[in-house]
Amino acid sequence: MKVNVKVWRQENKDAQGRFETYEVVNLIPEMSFLEMLDTLNEQLLKRGERPVEFDSDCREGICGTCGLVIDGMAHGPKRACTTCELRMRNFNDGSTITVEPFRAQGFPVLRDLVVDRSAFDRIISAGGYVSVNSGSAPDANAIPIPKDIAERAMDSAACIGCGACVAACPNASASLFVGAKITQFSLLPQGQAERHKRAVRMIETMDNEGFGNCSNHAECEAACPKNISIDNIARMRREYMKGSLKAV
Amino acid sequence: MSVISIWNSTIGKKVVMAITGIGLMLFLVVHLAGNLLLFVPDEGQAFNQYGAALKSMGPFLYVIRGGLLAFFLFHIFAAIQVYTSKKRARSGRYAVETSKGGPSKMTVASKSMIVTGAVLLIFVPLHIYMFGMNKGAPPPMVMIDGNEIKDIYSMVATSFNQLGIVVFYVATMLFLGFHLRHGFWSALQSLGAMSPRWTPAIYTAGFVFAFLLAGGFVVLPVYFYFFIDAPVASAGGAL
Ligand code: HEM
Ligand code: SF4
Ligand code: FES
């Protein structure tokens with residue numbers, strides 16, 4: 001199988017980027033999208049050209065490092081799937097695939113397809129943790145949490161921080177990511193102590209990092225590899241209003 | 001936290017958008033319900049009496065008008081800020097943009113809120129100038145039960161017998177329909193009133209609401225144009 005990739009090339013943060021189109025041959029449908037890019041880079045290295053830079057780590061959908069906009073969709077055409085898990089069988093033989101970096105003011109492009117997502121780290125530093133001393137680990141059944149609540153918290157905790165929600169949002173809003181983090185803590189007993197302070201501080205940081213406001217397009221939920229629901233955004237708003245009104 | 005910093009936050013801004021949007025929607029429901037009196041086949045008596053009743057509310061009417069104006073202005077102010085924050089948040093454009101479908105609610109309606117809103121912004125002052133102030137002319141009067149009251153029915157009938165005005169109204173109401181198709185459910189989501197169980201039902205309800213409300217406002221001018229003749233004795237009438 002072979003494909004043409006029209007890929008974004010950009011020397012550095014300040015350089016003007018442009019698209020280059022390359023033909024990639026000797027592919028098999030079982031290859032992941034990243035293996036296709038690896039194949040492209042082998043071809044480029046053989047020709048003495050600079051390989052296309054992109055991020056990846058686990059290559060099994062858990063670290064959230066990989067993330068590309070493929071044919072206009074964050075993580076490509078398959079739903080509930082990261083770029084590293086996407087297979088070449090999802091594309092037609094001989095087709096042209098457009099590959100771009102995530103585009104958002106909060107995620108500046110560093111080189112080619114690599115973006116700086118440290119804004120997410122700063123949002124987490126603002127409150128995405130439990131800082132009260134909880135002593136040694138209690139017995140698992142010493143803190144009763146109803147099954148449905150535990151399930152909901154787990155659904156939110158499934159967020160891998162990939163940033164596809166920002167990439168897919170027409171407003172480049174980070175609401176789904178921040179909503180998932182705030183929700184996860186707000187549902188569990190361990191998160192109660194700092195519940196409202198956490199929401200206010202994380203949202204203040206989100207706003208200062210230059211992400212857009214949420215217009216409820218829900219495109220983030222469609223792009224999310226972990227199917228995080230926009231219900232998390234509704235919850236985040238409730239948490240923020242409660243927290244901020246308390247402090248007025 | 002100060003009220004100012006809540007207003008400056010993304011969440012606070014959307015809560016203001018939602019509350020003002022819901023307020024404006026409630027107004028439209030009441031406005032349409034009143035306008036349905038235009039269908040009563042009594043040469044406008046019921047509608048004119050309704051107008052006179054509104055007027056007799058006195059100072060209270062001004063409180064409502066002031067509130068509506070404030071809602072309108074806050075809504076627009078927040079809308080402009082949401083829009084500029086979006087422009088700032090993504091300067092480089094994607095070469096290709098495709099929706100992934102599924103749970104996405106990204107539609108023509110959701111992506112053109114600022115455009116459909118701007119059309120409403122142009123429409124509202126024109127509408128008030130035409131019907132509220134009869135284009136600056138003294139309004140036609142009519143005698144009902146020995147009282148002389150404003151003949152707003154004949155103002156409406158005169159205007160809606162002019163093709164240009166009918167087309168303009170119908171077109172604007174289509175924009176209103178699109179605004180509310182996304183706006184109805186978006187407002188509830190902005191207030192955090194959603195849960196996965198209710199979202200599909202409320203999203204569908206938003207379509208029904210937008211269709212009925214915009215549809216109601218579309219039917220009125222069309223009905224007058226085709227079925228009601230312009231009043232002959234509308235000296236000094238609208239237009
Ligand atoms: C009859 C008048 C109007 C009604 C009933 C109305 C209703 C609504 C509602 C219910 C919403 C959803 C609020 C939310 O997302 O939380 C909304 C959103 C919006 N409205 Fe209006 N609106 C009206 C006039 C206007 C005007 C004059 C503008 C001016 C430009 C405007 C611009 C917008 C924009 C841009 C949004 C989307 C906000 C976003 O992207 O988050 N609207 N409107
Ligand atoms: S919410 Fe989904 S799309 Fe957004 S960062 Fe988390 S896993 Fe990625
Ligand atoms: S490389 Fe870890 S999620 Fe794709």
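Quick caveat, the model's predicted, so the values are computed rather than measured.

Q: Quick question: what am I supposed to make of the interface of chain B and chain A here?
A: Frequently, the measure chosen for interface size is the accessible area removed from exposure when the parts meet. Residue-level contacts link 46 residues of chain B with 56 residues of chain A. A buried area of about 3,900 Å², summed over both sides, lies between chain B and chain A, and 56% of it is on carbon and sulfur atoms. Counting across the interface, chain B meets chain A through 0 salt bridges. The interface formed by chain B and chain A includes 33 residue pairs in polar contact (both at pLDDT 80 or more).

Q: Sorry, what's going on with the nonpolar core here?
A: A general trend in soluble globular proteins is that nonpolar side chains are found buried together. Membership of the largest hydrophobic core comes to 83 residues, with the highest contact counts inside it found for Val166, Val178 and Phe211 of chain A together with Phe224 of chain B. When residues of this core are assigned to domains, at least three fall in each of domain 1 (3–110) and domain 2 (118–247) of chain A.

Q: I'm lost on the packing of helix H2 (residues 10–35) of chain B against helix H9 (residues 199–227) of chain B in this one. Help?
A: What describes two packed helices is the angle between their axes and the distance between those same axes. Residues and elements named next belong to chain B. Their axes nearest at 10 Å, the elements H2 and H9 cross at an angle of 40°. The orientation of H2 relative to H9 falls into the category oblique. The chirality of how H2 crosses H9 is left-handed. Contact residues: Met25, Leu28, Val29, His31, Leu32 and Asn35 in H2; Phe209, Leu212, Leu213, Gly216, Phe217 and Leu220 in H9. Looking at the contact of H2 with H9, its residues break down into 9 nonpolar, 3 polar and no charged.

Q: Just to check I follow, could you spell out the domain arrangement of chain A for this structure?
A: All names here are of chain A. If you check the domain split of chain A, you get domain 1 (3–110) and domain 2 (118–247). For domain 1 and domain 2, the distance between their C-alpha centroids amounts to 29 Å. Roughly 1,300 Å² of surface becomes buried between domain 1 and domain 2 when both sides are summed, with 61% attributable to carbon and sulfur atoms. Summed over the shared surface of domain 1 and domain 2, the number is 3 residue pairs in polar contact (both at pLDDT 80 or more). Across the side of domain 1 that touches domain 2, the residue classes tally to 10 nonpolar, 6 polar and 1 charged.

Q: What should I look at first to understand the packing of helix H8 (residues 163–190) of chain B against H9 of chain B in this one?
A: All names here are of chain B. Across the interface, H8 lies against H9 with an axial gap of 8 Å and an inter-helix angle of 165°. For the element pair H8 / H9, the angle class is roughly antiparallel. Viewed along their axes, H8 and H9 form a crossing whose handedness is right-handed. Its residues assigned to classes, the contact of H8 with H9 comprises 23 nonpolar, 3 polar and 1 charged.

Q: Teacher, can you tell me more about the side chain of arginine 117 of chain A here?
A: Residues and elements named next belong to chain A. Looking at the element boundaries, arginine 117 is found in the loop between strand S7 (114–115) and helix H2 (118–125). Buried charge arginine 117 goes without a salt bridge, the closest partner of opposite sign being aspartate 55 at 4.2 Å. Once residues within four sequence positions are removed from consideration, arginine 117 is found in contact with Asp55, Gly64, Thr65, Phe107, Gly161 and Cys162.

Q: What exactly am I supposed to notice about unusual backbone geometry here?
A: Both trends apply: most residues other than glycine have a negative phi, and most peptide bonds are in trans. Residue and element names in this part refer to chain A. Its identity as a non-glycine residue notwithstanding, asparagine 216 has a phi of 60°, on the positive side. Relative to the assigned elements, asparagine 216 resides in the loop between helix H6 (195–208) and helix H7 (219–223). Of note, the phi angle at alanine 218 is positive, near 65°, even though the residue is not glycine. Mapping alanine 218 onto the fold places it in the loop between H6 and H7.

Q: Quick question: what am I supposed to make of the coordination of the iron atom of ligand 1 here?
A: The expected angle between donors at a tetrahedral four-coordinate metal is 109.5 degrees. At an octahedral six-coordinate metal it is 90 or 180 degrees. Residue and element names in this part refer to chain B. Protein ligation of the iron atom of ligand 1 involves His75 (NE2) and His179 (NE2), the donor distances falling in the range 2.0 Å. Taken together, the 6 donor atoms coordinating the iron atom of ligand 1 and their angles of 87 to 179° define a geometry best described as octahedral. You can see histidine 75 sitting in helix H4 (residues 59–89) and its partner histidine 179 sitting in helix H8, a full 104 residues away along the chain.

Q: Hey, could you run me through the site of ligand 2 in this one?
A: Residue and element names in this part refer to chain A. Close to ligand 2 lie Cys159, Ile160, Gly161, Cys162, Gly163, Ala164, Cys165, Leu176, Phe177, Cys224, Pro225 and Ile228. For the shell around ligand 2, the secondary structure elements donating two or more residues are helix H4 (164–168) and helix H5 (175–187). Here the residues of the shell around ligand 2 sort into 10 nonpolar, 2 polar and no charged.

Q: Could you clarify how one ought to interpret the sheet that holds strand S3 (residues 69–70) of chain A in this entry?
A: By definition, the strands of a sheet pair up through backbone hydrogen bonds, in either a parallel or an antiparallel sense. Residues and elements named next belong to chain A. Strand order in the open sheet made by the 5 strands is S2-S1-S5-S3-S4, with mixed pairing throughout. The sheet is open, and its two borders are formed by strand S2 (18–24) and strand S4 (73–74), each paired with just one other strand. Lying over the sheet, helix H1 (residues 33–46) contacts strand S1 (3–9), S2, S3 and strand S5 (96–100), oriented at roughly 90° with respect to S2.

Q: When you look at H8 of chain B in this model, what are you seeing that I'm missing?
A: All names here are of chain B. Compared with the 40 Å implied by 1.5 Å per residue over 28 residues, the 39 Å span of H8 between its first and last C-alpha is a close match. The principal kink in H8, of about 30°, is found at glycine 183. The positive-phi residue at the C-terminal boundary of H8 is glycine 192, with phi of around 75°.

Q: When you look at the site of ligand 1 in this model, what are you seeing that I'm missing?
A: Not every one of the 26 residues close to ligand 1 is listed here, only the nearest: Ser215 of chain A together with Lys14, His75, His179 and Ser186 of chain B. Residue neighbours of ligand 1 fall on chains A and B, so the site bridges chains. The side chain of lysine 14 of chain B places a nitrogen or oxygen atom 2.3 Å from an oxygen atom of ligand 1. Within the contact set of ligand 1, a nitrogen atom lies 2.8 Å away from a side-chain nitrogen or oxygen of histidine 75 of chain B. Where the shell around ligand 1 is concerned, the elements lending two or more residues are H2, H4, helix H6 (113–132) and H8 of chain B. Looking at side-chain class alone, the shell around ligand 1 contains 17 nonpolar, 8 polar and 1 charged residues.

Q: I tried to follow a nonpolar patch on the surface on my own but got confused; where do I start?
A: All names here are of chain B. Together, Tyr83, Ile114, Val115 and Phe175 line one region of the surface with nonpolar side chains, adding up to about 310 Å² of accessible area. Mapped onto the elements of the fold, valine 115 is located in helix H6. Classification of valine 115 by relative accessible area gives partly exposed; the value is 46%.

Q: So what exactly am I meant to see when it comes to the pairing of S1 of chain A here?
A: Looking along a regular strand, one sees the side chains alternate between the two faces of the sheet. Residues and elements named next belong to chain A. The element S1 is extensively covered by neighbouring structure, given that 5 of its 7 residues are classed as buried. Note that S1 and S2 share 7 bridges and pair antiparallel. Directly across from tryptophan 8, in S2, lies its bridge partner phenylalanine 19. As paired elements, S1 and S5 share 4 bridges and run parallel to each other. The residue of S5 that forms the bridge with valine 5 is isoleucine 97.

Rules behind the numbers
Residues numbered from 1 in each chain as written. Chains lettered and ligands numbered in written order. Predicted model: local features only at pLDDT ≥ 70, side-chain atom pairs only at ≥ 80, totals over all residues. Heavy atoms only, no water. Contact = heavy atoms within 4.5 Å. Buried area = accessible area lost by both parts, 1.4 Å probe. Salt bridge = Lys/Arg side-chain N within 4 Å of Asp/Glu carboxyl O. Polar contact = N/O pair within 3.5 Å; in protein donor to acceptor, adjacent residues only side chain to side chain. Core = buried A, V, L, I, M, F, W, Y, C linked by side-chain atoms within 4.5 Å. Buried < 20%, exposed > 50% of the residue type's maximum accessible area, 1.4 Å probe, protein only. Domains from an automatic or database assignment. Axes fitted to C-alpha atoms, helices over the stretch in contact; angles between N-to-C directions. Helix = DSSP H or I, 4+ residues; strand = E, 2+ residues; numbered from the N terminus. Parallel < 35°, antiparallel > 145°, perpendicular 65-115°, else oblique. Left-handed = near helix turned anticlockwise from the far one by under 90°. Nonpolar A, V, L, I, M, F, W, Y, C, P; charged D, E, K, R; others polar. Lys, Arg positive; Asp, Glu negative; His and termini not counted. Donors = N, O, S within 2.8 Å, 3.2 Å for Na, K, Ca; no water. Tetrahedral: all angles 85-135°; square planar, octahedral: opposite > 155°, others 65-115°. Near = heavy atom within 4 Å. Pairing = 2+ DSSP bridges. Expected span 1.5 Å × (residues − 1). Bend = angle between axes of the 7 residues up to and from the residue. Patch = residues over 30% accessible without salt bridge, like charges linked within 9 Å, V, L, I, M, F, W, Y side chains within 5 Å. Areas by Shrake-Rupley, 256 points an atom, 1.4 Å probe, with all protein chains shown as cover.

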